[in-house]
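Residues per chain, in single letters:
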Amino acid sequence: MADVIRQQQLGGVRREFAPWTDPAAAPLIRFDAVTKRFGDVAAVDGVSLDIYEREFFALLGPSGCGKTTLMRLLAGFETPDAGRVLLGGEDISAVPPHLRPVNMMFQSYALFPHMSVAANIAFGPKMDGWPRARVDARVGQMLKLVQLDGLGARKPHQLSGGQRQRVALARSLAKSPKVLLLDEPMAALDKKLREETQFELMHIQYELGMTFVIVTHDQEEAMTVADRIGVMDKGRLVQVGTPAEIYEQPNSRYVADFIGDVTLFKGTLEGRDGDVALVRERTSGVLLRALAGMADAAPGATVWIAVRPEKARISPDPLPPDTPNVLSGEVFDIAYLGDLSIYKVRRPDGTFMKASQPNATRLVERPIGWDDKVWLSFAPEAGVLLTR
Amino acid sequence: MATQRNTRLGRLALIGVPALWLTLFVAVPFAIVVRISLSESVIAMPPYEPVFDLSAGFAAFAEALGRLDFDKFVFLTTDPLYLESYLSSIRIAGLSTAIILAVGYPIAYAMARAPKGTQPLLVMLVVLPFWTSFLIRVYAWMGILARDGFLNQALGGLGLISEPLDILSTDTAVMIGIVYSYLPFMVLPLYASLEKMDLSLLEAAADLGCPPWQAFWRITVPLSLPGVVAGCLLVFIPAVGEFVIPDLLGGSDTLMIGKTLWSEFFSNRDWPVASAVAVVLLVALLVPIGIYQHMQARQLEADR
Ligand SMILES: Nc1ncnc2c1ncn2[C@@H]1O[C@H](COP(=O)(O)OP(=O)(O)O)[C@@H](O)[C@H]1O
Ligand SMILES: [Mg+2]
């Protein structure tokens, strides 16, 4: 949650950057209906995606959904069974990995164990035939960038996990590639180091003006670092958007549930009242109202309304009669997080709803406790209508 | 308290058993050989007169120590036969080792990169020859390499040669025999080191702009070096002292230290000189073993 807020603050700097909204902008990377199968499994299934220059793009999804495979298609370690991969407008499907202007930071780091840290970093520039002096200068510069000055002579096995991760990053940055691919770069780090590294990555990406594609299964990480996020499910790309779009306007239950906390109400679409869709909840028979938005469903269809906990109101007293979407229940569980409390409420039909409330004042006159009877509500604009 | 004593006992057994084994079957036999090498030849059974008589007590032992001469070892330097045998053995074993490495590396590489499921089968195939007697396999090479053997018949039949090749009873035949017999001892350690290599390292190299052929030299070869060293020593050391192969496949002019030792022992019945030859050979071979140990220790350090 805190990361969402941070992202929005950071958005102040980045708001201007949105080439994906410009129909004239040419993407740097284009996946064009790419499919990759391993035996019967389609690890990547008809993915089309544009990524723009200087963008920080995150591929997000649970383990095994095909993130690494999509990245390996871009690096050249896999060839697509169908579709094309384009870089700068050219089809690179047939270009071998060592000739692609793309560098990858491996999930396992893949540092050369028989070479020193400096030799690992120098490997790429040397391969490109840089003169010795320029290679040495570059190695020094990279060591400084990742704060490993003085450790150039060490072997990888003499470093800590966090230091190895930095060497891997420095090595993949050394050639200043057009595109840097990062496969779960922070998976092996502890939480604090991970957060620091996230900000460092954003800083480096901004400073060097490179295009970063990061793979992660951690939604907070994706929201923190990325300009846009692509959410994957079983080889398919289910939604692409800015962190705020993905969070505020998920296009499916899968995305709503994967990113952040959400309560889902399942019901039947009864009709519309202007912009507002009327949905009869299945379990309780309550009529709920939510903005219809883009969702195109005919009356009678099964739909869902997704409500984020911080957009639901919770009250120890009955709400005024004209309040929309009023529900009631008993407090089942309370999670006190310091800045806010999250209440899990059990409704009479046996379903649960989550609502959070900032702990703005220290002395709440009537604190909500366990088993208290409470009333919940959400504005129609706070509910997202989902058709799948 | 009791468990502490148990762990101490366990540790003692752990070190004690191999130590006892090495004492009984390496140190004691070697001491006997050294003792014989310092003795005088006589016409008797056994055909030497020991310098040391352990039953005579410590004073006699100390006195014998003062009387020691190393004339058998001095003798080895006076007759060029011995030096030539050593050098020729090292040359033949060294050349054979180089050929085995050249042949064995691609085999081990192909095995390590084969599908995981077929690898155990391939390892089995490499060790399969051990299921037949070594002696019979070397005899079989006599049949292959002889003037009227399979090889000459096949080459003649194909019209590739008009005169049969004289391969049997030459150093070439000895090297063919060594290459054939010792190949598995190279392939297995090489396979072990190539198989455990992380293939994502090659992808990382390619990613950084390294073409596959260069990645082989820059990544694969350095990382398989421990396997190369182990394989070369496992082949070279026994090949230097090899007796059966030069005896069966070599000619009368094939000089190898194993053969020289055998004729000193059985033809000349000069046990002391034969023992001196053996002692010098063992000491000479300690050098590469020492290098190997050193490299192993370094490897262990690196793996930590
Ligand atoms: N080389 C391969 N051979 C067979 N199946 C593979 C291979 N690589 C990936 N897969 C399968 O493809 C799917 C996607 O894998 P991957 O891209 O690694 O997922 P992620 O990185 O999202 O965890 C998984 O089901 C995985 O088992
Ligand atoms: Mg992965």
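Residues numbered from 1 in each chain as written. Chains lettered and ligands numbered in written order. Predicted model: local features only at pLDDT ≥ 70, side-chain atom pairs only at ≥ 80, totals over all residues. Heavy atoms only, no water.

- Naming follows an unreviewed UniProt entry, where chain B appears as ABC transporter permease subunit of Blastochloris sulfoviridis.
- The annotation that UniProt attaches to chain B under Sequence similarities (unreviewed entry) is "Belongs to the binding-protein-dependent transport system permease family. CysTW subfamily."
- Taken from UniProt, the Subcellular location (unreviewed entry) comment for chain B reads in full: "Cell membrane". (UniProt positions renumbered as here; feature names shortened; annotations may be inferred.)

- As recorded in an unreviewed UniProt entry, chain A goes by Spermidine/putrescine import ATP-binding protein PotA and comes from Blastochloris sulfoviridis.
- The record in UniProt for chain A states the following under Sequence similarities (unreviewed entry): "Belongs to the ABC transporter superfamily. Spermidine/putrescine importer (TC 3.A.1.11.1) family."
- Per its UniProt entry, chain A bears the Subunit (unreviewed entry) comment "The complex is composed of two ATP-binding proteins (PotA), two transmembrane proteins (PotB and PotC) and a solute-binding protein (PotD)."

### Notes on the overall build of chain B
Okay, step 1: The helix and strand inventory of chain B stands at 13 helices and two strands.
Okay, step 2: The C-alpha atoms of chain B give a radius of gyration of 25 Å, which is well past the 19 Å a tight globule of 304 residues would have.
Okay, step 3: Summarising its shape, the C-alpha atoms of chain B cover approximately 80 × 75 × 35 Å along the three principal directions.
Okay, step 4: A sequence separation of at least 24 residues applies to 70% of the contacts in chain B between residues at least 6 apart.
Okay, step 5: As displayed, chain B offers around 17,400 Å² of accessible surface, 71% of which is attributable to carbon and sulfur atoms.
Okay, step 6: Charged side chains in chain B number 17 positive and 23 negative. The centres of these two groups are separated by 12 Å. (Helix = DSSP H or I, 4+ residues; strand = E, 2+ residues; numbered from the N terminus. Rg over C-alpha atoms; globule rule 2.2 N^0.38 Å. Contact = heavy atoms within 4.5 Å. Areas by Shrake-Rupley, 256 points an atom, 1.4 Å probe, with all protein chains shown as cover. Lys, Arg positive; Asp, Glu negative; His and termini not counted. Charge placed at Lys NZ, Arg CZ, Asp CG, Glu CD.)

### What to know about the interface of chain B and chain A
Okay, step 1: Of the residues lining the interface, 20 residues belong to chain B; the matching set on chain A comes to 22 residues.
Okay, step 2: Between chain B and chain A, roughly 1,800 Å² of surface is buried when both sides are summed, and carbon and sulfur atoms account for 65% of that area.
Okay, step 3: When the area that chain B buries against chain A is broken down by residue, the three leading residues are E203(B), D207(B) and L208(B), summing to 39%.
Okay, step 4: For the pair chain B and chain A, the interface holds one salt bridge.
Okay, step 5: For E203(B), the salt bridge identified is with R72(A), shortest N-O distance 2.7 Å.
Okay, step 6: Breaking the side of chain B that touches chain A down by element, the ones donating at least two residues are helix 9 (200-207), helix 10 (212-240) and helix 13 (271-303) of chain B.
Okay, step 7: Partitioned by chemical class, the residues of the side of chain B that touches chain A number 12 nonpolar, three polar and five charged. (Buried area = accessible area lost by both parts, 1.4 Å probe. Salt bridge = Lys/Arg side-chain N within 4 Å of Asp/Glu carboxyl O. Nonpolar A, V, L, I, M, F, W, Y, C, P; charged D, E, K, R; others polar.)

### Overview of empty space enclosed by the protein
Okay, step 1: This model, assessed by the stated rule, comprises three cavities of 30 Å³ or more.
Okay, step 2: Taken as a whole, the largest cavity encloses approximately 50 Å³ of empty space.
Okay, step 3: As for the largest cavity, its lining consists of M104(A), M105(A), F106(A), Y109(A), A168(A), R171(A), S172(A), A204(B), D207(B) and L208(B).
Okay, step 4: Elements with a contribution of two residues or more to the lining of the largest cavity: strand 6 (102-105) and helix 5 (161-173) of chain A together with helix 9 of chain B.
Okay, step 5: The element best represented in the lining of the largest cavity is helix 5 of chain A, accounting for three residues.
Okay, step 6: For the lining of the largest cavity, the residue count by class is seven nonpolar, one polar and two charged. (1 Å grid on protein atoms, 1.4 Å probe; cavity = no way out; pocket = protein on both sides within 12 Å on 5 of 7 lines; lining within 4 Å. Points joined across faces, edges and corners; volume = space filled by probe spheres on them.)

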